[in-house]
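Here's the letter readout for the chains.
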Amino acid sequence: MFKFKFFLDFDKEEKWLEDMARNGYHLNKASFGYHFLEGEPEETTIKIDYRRFKYKEDFLDYCSLFEDSGWKHISGTKNSGIQYFKKDTNTEEDDIFSDYHSKAARYKRYSSMSFQLAISYLPLLVVFYLTDIIDFNAFVNPKELYYTPGLWDKTGTSFWFSFLFETPFALMRGFAWSFIPLTMLLYLFFSIKSNRLYVQKSDKEFS
Amino acid sequence: MDLEKHLPLTETTYYILLSLLEPSHGYMMMQKIEEMSNKRVKIAAGTMYGAIENLLKQQLIKSVKSSDKRRKTYAITEKGLEVLRLDCARMKHMIQVTENLLSDSSAIGGDINV
């Protein structure tokens, strides 16, 4: 079964995945949504870490450390960042972290990764601006985005048909670039939000 | 080289350095530490991984050749050893001062009780 859901709070995501397992849906793979396998309902513990790896050996070493200590790596790749672990039945410990500081640090890593992603789009934005792909004139005079000859002299049904037919293409022509600043804003939002979670969760120690 | 800036070591860091006097991989370190601390200090996998990463960055430990392809092996560096010695001396001094003062005050306390 496939479910689309998005979390910034790892604690909430863990709870939700445990609820799903309790209802007989076991996480098989998580990337742009969650793929579940149907099975027996199960009380289990699922924990999430956030890490990306430069080298394959580092990723293997990381997975081995968790599996040696009784945590099965159920989803995540070298570059996916989010790593999902499920507790083995005979594991004593209930968490993959033994102090608040290291538990909160995963939000810090998530935040700085999102920030880096946001910044990485900046050169592309500059290039698009310099090559006139980003044309602010389109805001002032959107008519220029329509290429159908004589479109603006047409009337009635003939006009509306041609106009509506070309509108999606005109939008693509004029505003396709806007996905870049939008993506940047989205990543910035993730970055700020998870940094706030980091501050909140590391404060827990003292409250 | 200013080693003082690493002091005081946290209990976790101290035990990790101690566990690497002989080269070990992550899970072996976790087991050794549990044993050395009489099961009082248990470091979970995620915390251990982060701690190893930090100590590598600070060059207190280093990665050494390993026969196991899936597990990296680490060992303490000269710098790490020096920091460990400094922190041990720091604690020795604290214990000595504490013991001296506590034995004095228990004598005083005894007087008051009488």
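Parameters at a glance
Sequence order sets the numbering: in each chain, residues are counted from 1 along the sequence as written. As a convention, the first chain written is A and the first ligand written is 1, with the rest following in written order. Totals for whole chains, interfaces and linings use every residue, but because this is a predicted model, local features are given only for residues with pLDDT of at least 70 and side-chain atom pairs only at 80 or more, for both listing and counting. Excluding hydrogens and water, the side-chain figures rest on all heavy atoms present in the structure. The numbering of helices and of strands both runs from the N terminus, where a helix is a DSSP run of H or I of at least 4 residues and a strand a run of E of at least 2. Only the C-alpha atoms count toward the radius of gyration. The rule for a globule is 2.2 Å times the residue count to the power 0.38. The rule is simple: take the accessible area with a 1.4 Å probe, protein chains only, and divide by the maximum for that residue type; under 20% is buried, over 50% is exposed, in between is partly exposed. The contact definition used throughout considers only heavy atoms, calling two residues in contact when any of these lie within 4.5 Å. Computed with a 1.4 Å probe, the accessible areas rest on the Shrake-Rupley method; for each residue, only the protein chains presented here act as cover. Charged residues are defined narrowly, with Lys and Arg counted positive, Asp and Glu counted negative, and His plus the chain ends left uncounted. For this purpose, a charge sits on NZ of Lys, CZ of Arg, CG of Asp or CD of Glu. By definition, the buried area sums, over both parts, the 1.4 Å-probe accessible area that each loses when the two are put together. When a carboxyl oxygen of Asp or Glu is within 4 Å of a side-chain nitrogen of Lys or Arg, the pair counts as a salt bridge. By the criterion applied in these results, polar contacts are pairs of N or O atoms within 3.5 Å in which, for protein atoms, one can donate a hydrogen and the other can accept it, and in which residues neighboring in sequence qualify only through two side-chain atoms. Asp, Glu, Lys and Arg are counted as charged, while Ala, Val, Leu, Ile, Met, Phe, Trp, Tyr, Cys and Pro are counted as nonpolar; the rest, among them Gly, fall into the polar class. In this scheme, patches are assembled from residues that exceed 30% relative accessible area and form no salt bridge. Like charges are connected within 9 Å, while nonpolar side chains (Val, Leu, Ile, Met, Phe, Trp, Tyr) are connected within 5 Å. Ring pairs are drawn from Phe, Tyr and Trp, using the six-membered ring of Trp, whenever the two centres fall within 6.5 Å, and their geometry is named by plane angle: stacked under 30 degrees, edge-to-face over 60, tilted for the rest. Charges are assigned to positions over rings by a cutoff of 6 Å between ring centre and Lys NZ or Arg CZ, combined with an angular limit of 35 degrees from the ring normal. Note: two strands are recorded as paired if DSSP finds a minimum of 2 bridges between them. The axes used here are C-alpha line fits, helices contributing only the stretch in contact, and every angle between their N-to-C directions lies in the interval 0 to 180 degrees. Domain extents, as shown, originate in an automatic or database domain assignment.

Novice: Looking at this structure, I do not really get the overall build of chain A. What am I missing?
Specialist: From N to C terminus, chain A includes 7 helices and 6 strands. Here chain A has a C-alpha radius of gyration of 24 Å; the compact-globule value for 207 residues is 17 Å, and the former is much larger. Principal axes of the C-alpha set define a box for chain A whose edges measure 80 × 40 × 40 Å. Of all 207 residues assigned to chain A, the portion counted as buried reaches 42%. Partitioning the contacts of chain A with sequence separation of at least 6, the portion at a separation of at least 24 is 59%. When the accessible surface of chain A is split by element, carbon and sulfur atoms take 61% of a total near 12700 Å². When the 26 basic and 29 acidic side-chain charges of chain A are each reduced to a single mean position, those positions are 4 Å apart.

Novice: Just checking my understanding: could you explain the interface of chain A and chain B for this structure?
Specialist: When the parts of a complex come together, some accessible area is lost, and that lost area is often used as the size of the interface. The interface is formed by 19 residues belonging to chain A together with 18 residues belonging to chain B. Taken as a group, D61, L65 and D68 of chain A account for 32% of the area that chain A buries against chain B, more than any other trio of residues on that side. The tally of links between chain A and chain B comes to 5 salt bridges. One salt bridge connects E92 of chain A with K42 of chain B, and the closest N-O pair in it is separated by 3.7 Å. The tally of links between chain A and chain B comes to 11 residue pairs in polar contact (both at pLDDT 80 or more). Counting residues per element, the side of chain A that touches chain B draws most heavily on helix α2 (residues 56-68) of chain A, which supplies 8 residues. Class assignment for the residues of the side of chain A that touches chain B results in 7 nonpolar, 4 polar and 8 charged.

Novice: Help me out: how do you make sense of a nonpolar patch on the surface in this one?
Specialist: Residue and element names in this part refer to chain A. Side chains of F115, I119, L122, L182, L185, L188 and I192 sit close together on the surface and give an oily, nonpolar patch of about 640 Å² of accessible area. Elements that contribute at least two residues to the nonpolar patch include exactly α3 (100-120) and α7 (179-203). The leading source of residues in the nonpolar patch is α7, at 4 residues. Inspection of the secondary structure assignment puts L185 in helix α7. On the accessibility criterion, L185 (55% relative accessible area) is exposed.

Novice: What's the story with the packing of aromatic side chains in this structure? I'm lost.
Specialist: Where two aromatic rings form a pair, the distance of their centres and the angle of their planes describe that pair. For the structure on display, the rule yields 29 aromatic pairs over all chains. With 5.6 Å between their ring centres and 45° between their planes, F7 of chain A and W16 of chain A make a pair best called tilted. Each member of the pair, F7 of chain A together with W16 of chain A, is buried. Between F53 of chain A and F59 of chain A the ring centres are 5.4 Å apart and the planes differ by 55°, which places this aromatic pair in the tilted class. Across this residue pair, the class does not change: F53 of chain A and F59 of chain A are buried. Site record: aromatic cluster; members linked through ring pairs are F53, F59, Y62, F66 and F85 of chain A together with Y49 of chain B. Cation over ring: K143 of chain A sits above W152 of chain A, and NZ or CZ is 5.1 Å from the ring centre.

Novice: What exactly am I supposed to notice about the sheet that holds strand β5 (residues 71-75) of chain A here?
Specialist: Think of a sheet as strands paired side by side through backbone hydrogen bonds, with each pair either parallel or antiparallel. Residues and elements named next belong to chain A. Ordered by their spatial adjacency, 3 strands build an open sheet running β4-β6-β5, and the pairing between neighbours is antiparallel. Two strands in the sheet have a free side with no partner beyond their single neighbour: β4 (46-51) and β5. For this sheet, the mean angle separating the axes of adjacent strands, direction not counted, is 35°. Relative to strand β6 (residues 81-87), β5 runs antiparallel, the two being bridged by 4 bridges. The residue bridging K72 from the neighbouring strand is K86, located in β6. In this fold helix α1 (residues 10-22) packs onto β4 and β6, with an angle of close to 140° to the strand it touches most, β4.

Novice: Please clarify how the domain arrangement of chain A should be interpreted in this entry.
Specialist: Residue and element names in this part refer to chain A. When cut into domains, chain A gives domain 1 (1-96) and domain 2 (99-207). Each of domain 1 and domain 2 has a C-alpha centre, and these two points are 30 Å apart. Counting the surface lost from both domain 1 and domain 2, the interface buries some 1200 Å², and carbon and sulfur atoms represent 56% of this. Counting across the interface, domain 1 meets domain 2 through 7 salt bridges.

Novice: How should I be thinking about the environment of N195 of chain A in this particular structure?
Specialist: Residue and element names in this part refer to chain A. Mapping N195 onto the fold places it in helix α7. Accessibility expressed as a relative area gives 27% for N195, which makes it partly exposed. Each C-alpha atom of the pair N195 and G39 lies 36 Å from the other, and the pair is 156 residues apart in sequence. Not counting residues within four places of it along the chain, the set of residues in contact with N195 comprises K108 and S111.

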